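Chain residues, written in single-letter form:
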Amino acid sequence: MDEIVFFNPGDSIGNFHDHNEAVKTAQIYKQKQEADKKVVVVHGMNNQSFDIFFADDAISHVNENKAAGSAEKPYKITDEL
């Protein structure tokens, strides 16, 4: 996937250096905590780490006013769960 999205880094569920570990943790988190919400694993554009976010936390035109003043950062989606 080459979709670029913006998230507030403070909304991250977890940060990992290994992609497989991030995916496995996201699957476990989704299974135990929030089975009804979509979880995404993203790769930071300027670093080597992977983060986990709820897909609903992505900053879009609909909720960008709510995110005003936050330090949103671009990410590339690697997996959607």
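See the structure printed just above.
Residues numbered from 1 in each chain as written. Predicted model: local features only at pLDDT ≥ 70, side-chain atom pairs only at ≥ 80, totals over all residues. Heavy atoms only, no water.

(A) Layout of the pairing of strand E5 (residues 73-80). Pairing geometry for strand E1 (residues 4-7) and E5, over 4 bridges, is antiparallel. From the neighbouring strand, Phe7 faces E5, where its bridge partner is Lys73. Sheet topology places strand E3 (residues 39-44) next to E5; 5 bridges connect them, and they run antiparallel. What sits directly across from Gly44, in E5, is Tyr75. (Pairing = 2+ DSSP bridges. Helix = DSSP H or I, 4+ residues; strand = E, 2+ residues; numbered from the N terminus.)

(B) Geometry of the pattern of salt bridges. Per the stated rule, a full pass over the model turns up 1 salt bridge. Ionic pairing is found between Glu80 and Lys38, a salt bridge with its closest N-O pair at 3.2 Å. Note that Glu80 is positioned in strand E5 and Lys38 in the loop between helix H1 (19-32) and E3, a separation of 42 residues in sequence. (Salt bridge = Lys/Arg side-chain N within 4 Å of Asp/Glu carboxyl O.)

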